[in-house]
Amino acid sequence: LVALYIRFFEARMIGLLNHLLLKLKLATTFRNKIQVGENVFIHKNPTFIVRSDGVDNGIFIHDGVYIGRNVNIHTASKIVISKNCVISDYVYISTLAHGIDPEQGPILTQNDIDKGHIFLGENVFLGFNTKILPGVTLGDWTVVGAGAVVTKSFSGFCVVAGNPAQIIKIYNHDSHKWETVNVAK
């Protein structure tokens, strides 16, 4: 039992040290272009890219956020992840697009184009392998189903799924239940 407790304590301390090292790396490498709130958990292998020196630009992660494994978050403008959001594994959030002008040379040599801010309201849940594309705002309590591709904004208190994502449920505040929406094909 003592050995188990020691193993647990060592794992907890290593986890805390890794979290502190990540926060230090974000603060120094990105010169505060990535701001992380309190009680934020960032899992293994995240990719954060900020391609801007603008004063208000960057990635802003508020309190209580969970970020899963292998998440990619890229911007040259602004991405806001509000309180208590859950971002599952392999999620892609980006305001950037590649330049694709045939007269400007190979795609990888062209400048990225920023297509607009992304804002996630409080308690947004992004399921496994979802993609959030430029210019999207997700209101409070938007739940995004696994594998969804979100190309437009949703006001909140809804469940969205599919490619492109569409509303499949809405929360009814009167009945306190999630209600299925009739999705016409």
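Scroll up to find the structure.
All values derive from a computational prediction rather than experimental measurement.

### Here's the deal with the side chain of Ser77
Right, on to step 1. Structurally, Ser77 can be placed in the loop between strand 6 (72-75) and strand 7 (78-81).
Right, on to step 2. Accessibility expressed as a relative area gives 7% for Ser77, which makes it buried.
Right, on to step 3. There is a polar contact of 2.8 Å between the side chain of Ser77 and the side chain of Asp114.
Right, on to step 4. Apart from the residues lying within four places of it in its own chain, the contact partners of Ser77 are Asn57, Gly58, Thr95, Asp114, Gly116 and His117.

### Describing the environment of Ala146
Right, on to step 1. On the secondary structure map, Ala146 appears in the loop between strand 16 (142-144) and strand 17 (149-150).
Right, on to step 2. It is 4.2 Å that separates the C-alpha atoms of Ala146 and Gly127, two residues lying 19 residues apart in sequence.

### Regarding the pairing of strand 3 (residues 47-50)
Right, on to step 1. By the alternation rule, side chains of strand 3 split into Phe48 and Val50, which are all buried, and Thr47 and Ile49, of which none is buried.
Right, on to step 2. Sheet topology note: the strand 3/strand 6 ladder contains four bridges and is parallel. Its bridge partner lying in strand 6, Val50 is registered against Thr75.

### So, the sheet that holds strand 17
Right, on to step 1. Read across the open sheet, the five strands follow the order 3-6-9-14-17; overall the sheet is parallel. The open sheet has two edge strands, strand 3 and strand 17, and neither has a second partner.
Right, on to step 2. Pairing geometry for strand 6 and strand 9 (residues 92-94), over three bridges, is parallel. Within strand 9, the residue paired with Ile73 across the bridge is Ile93.

### A word on the nonpolar core
Right, on to step 1. Membership of the largest hydrophobic core comes to 32 residues, with the highest contact counts inside it found for Ile93, Leu120, Leu126 and Leu138.
Right, on to step 2. Put simply, the parts of the chain that give this core at least two residues each are strand 1 (34-36), strand 3, strand 4 (58-61), strand 7, strand 12 (118-120) and strand 18 (158-161).
Right, on to step 3. Look past the residues within four positions of Ile93 in its chain and what remains in contact with it is Asn72, Ile73, His74, Ile79, Ile87, Ile118, Leu120, Leu126 and Ile132.

Rules and cut-offs
Residues numbered from 1 in each chain as written. Predicted model: local features only at pLDDT ≥ 70, side-chain atom pairs only at ≥ 80, totals over all residues. Heavy atoms only, no water. Helix = DSSP H or I, 4+ residues; strand = E, 2+ residues; numbered from the N terminus. Buried < 20%, exposed > 50% of the residue type's maximum accessible area, 1.4 Å probe, protein only. Polar contact = N/O pair within 3.5 Å; in protein donor to acceptor, adjacent residues only side chain to side chain. Contact = heavy atoms within 4.5 Å. Pairing = 2+ DSSP bridges. Core = buried A, V, L, I, M, F, W, Y, C linked by side-chain atoms within 4.5 Å.

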